[in-house]
Each structure stands twice: as C-alpha cells, then as structure tokens.
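The residues making up each chain are set out below.
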Amino acid sequence: MRIDKKQNLPDWFKLADYDCYKVMSDEEIVHQLSCRCNAMMVEEYKNENFFEDRLKKGLYVNVDDNVIPIWVRDDYDKSIFLRKSSSISPLSVRDIKFIARDLKENNNIDINDRVDDEFIDSYQHISAMNDISLYFDGFYCKVNLLKQDAIITSELLELIKMWRKDLGIPEPTPLIKNTWPIIKDKIISYAAFPLIDLIMWEKATSNKITNGVLAVSLFPDGDYDSINIAQTIKPFIESILDSKSIDKIEHEISNK
C-alpha cells in the first residue's frame, strides 16, 4: 500500500516520542542505533507485535523488563570479572557453556564424553567449525600475557589478517567517514531514529511511505524536503546502520 497521507502512518508513531535523543548520552544513542541495526540484520521487525512491544516512546526496549542480565546482578562476586574493551574480552564461563552446546548441536561433539586424545590437534579450532558464531560471539583465542607487548601486538596484527582470509571474512571498512560529533548532529537533525523505525515498518508491512509524507511528518518546520530525504538523509541512514560503522563509532566514543 502506498502511504501518501500523513494520517495513514501507524498509530504507534509519534514524532514527539523521539525528542529524548536530543538529551541522551552518546553511549545510549549508539546502543539504540545498534539495536536497530541488529533488528534490521536479523529481520526482527517481522515478528508479531514488534512495533508495539519493542518500540516504546521512541526507544527500543526489552520485551521483559524484569529480566536482569547476569552481568549486572548485585549478588555476583565482582572480583571474578575482568575488564574488556569493545573488541577484546576474556573467555567467560558463559562463553565456554555456549561453545560446548554449539559443538554438541552442530558438530555432534560432546566434550564430556570424549577422551583427551580425540582433541590432540590444536589446529582444530571452534571458530573454524562454525563461522556463523563469529558474527555474534567473536573469535576465540588465547593470549600469552607473559610475552612482551610488542611481540603480542605484532603477531596479533598478522594473525588477524590470516584469520580473516582463512574464514572468508572481508576487511571491515566502515561506510561512514565522519567523526562522532558530526554523525551525532546528523542523527538528531535528520530525525534518524523515527525514520529508521518507519523504514522497518515499511519492510514489515510491505507498505511504502512517500518521501513527501516523510518530509511533513519528520520535519514539520520544513527543515528538509522530499528531495533531501531521497538524496541525503536515506543514504546517511543506510551508512550508519552498517555494523562496521557502529563499530567505528563505539571505538571513537570509548576513547574520548
């Protein structure tokens, strides 16, 4: 269906709900952007009641607010946690649990039932057995912290290139080139979040909102018109919804 009138937009959409992004922290903006990126990648927007359950007053939220992630529970001994960065983290008990389950379900390998001799080959790597997990869990490796920093970093840089080649993973090049302050200003001024949510709604319902309706709905003061949306704003949205661009943004923010 072609949506050529503002009143035909979905009931859940209210532009005022997205005013919160004007005062939101950089970290939370990137988190909300990352949630949308993931929802687009796995087509979560096709799930029943996605827009009613996941989008609340302009925010992507968990369906069950009572679920407390294990990493923020107060009854855990914080002394057993090690620090991590956006790209490097120590292997956790939770990681090992998922690895064991993945080996059993996808490779028919039950670690508990095997003898040590069956795993004697150190080149038999979990990340090579199931490359799908690379995109969600990362690449598992060990680091000998007793070696010199220069040796570790030099070897890691070389190995990263080899690992990507072996696993058929392209070099990550972000689509977006601007620095975070410029990107953030565009996210706000281009009404990126309400536009992303409406784009997901289009995909989920097979409707098509005209750029004219988007212009009057997102920019009631006339800041941008349908031509701006088609030629400038939508290409910008596409570039920031790329996971490699989000990685770039997260890295820049974490090093402020």
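Each chain carries its own residue numbering, running from 1 in the direction its sequence is written. Local features are withheld for residues below a pLDDT of 70 in this predicted model, meaning they are given only at 70 or higher, and side-chain atom pairs are given and counted only at 80 or more; totals for whole chains, interfaces and linings count all residues. Calculation of side-chain values draws on the structure's entire complement of heavy atoms; hydrogens and water are dropped beforehand.

Engineer: Would you mind showing me how to read the packing of aromatic side chains here?
Structural biologist: Any pair of aromatic rings gets described here by the distance separating the centres and the angle formed by the planes. Here is the rule: rings of Phe, Tyr and Trp (six-membered ring for Trp) pair when centre to centre is within 6.5 Å. Planes less than 30 degrees apart are stacked, more than 60 are edge-to-face, and the remainder are tilted. This structure, assessed with the given rule, holds 11 aromatic pairs. Here the aromatic residues W12, F13, Y18, Y21, F50, F51, Y60 and F193 are joined through ring pairs into a cluster of three or more.

Engineer: Quick question: what am I supposed to make of the environment of S34 here?
Structural biologist: Strands are runs of DSSP state E lasting at least 2 residues, helices are runs of H or I lasting at least 4, and numbering of each runs from the N terminus. Note that S34 resides in helix α1 (residues 26–41). S34 sits in the partly exposed class, given a relative accessible area of 26%. Note: C-alpha distance between S34 and S243 (209 residues apart in sequence) is 7.6 Å. Each residue's exposure class comes from its accessible area (1.4 Å probe, protein chains only) as a fraction of the maximum for that residue type: buried when under 20%, exposed when over 50%, partly exposed otherwise.

Engineer: Can you walk me through a positive patch on the surface in this structure?
Structural biologist: On the surface, K84, R94, K97 and R101 cluster together to form a positively charged patch. With respect to the secondary-structure elements, K84 resides in the loop between β3 (59–60) and α3 (93–107). Judged by its relative accessible area of 67%, K84 falls in the exposed class. To count toward a patch, a residue needs a relative accessible area over 30% and no salt bridge; like charges are then connected within 9 Å, while nonpolar side chains (Val, Leu, Ile, Met, Phe, Trp, Tyr) are connected within 5 Å. Areas reported here follow the Shrake-Rupley algorithm with a probe of radius 1.4 Å; residue values treat only the protein chains shown as occluding. For this document, the term salt bridge refers to a Lys or Arg side-chain nitrogen within 4 Å of an Asp or Glu carboxyl oxygen. Positive charges are assigned to Lys and Arg, negative charges to Asp and Glu, while His and the chain termini are left out of the count. Each charge is placed at NZ for Lys, CZ for Arg, CG for Asp and CD for Glu.

Engineer: Even after reading the chapter, I still don't get unusual backbone geometry, so can you show me in this structure?
Structural biologist: Negative phi is the rule for most residues except glycine; trans is the rule for most peptide bonds. Although it is not a glycine, K57 sits at a positive phi angle of roughly 50°. In this structure, K57 sits in the loop between β2 (55–56) and β3. Backbone geometry at A191 places phi at a positive 50°, although glycine is not the residue there. Relative to the elements of secondary structure, A191 occurs in the loop between α7 (180–189) and α8 (192–205).

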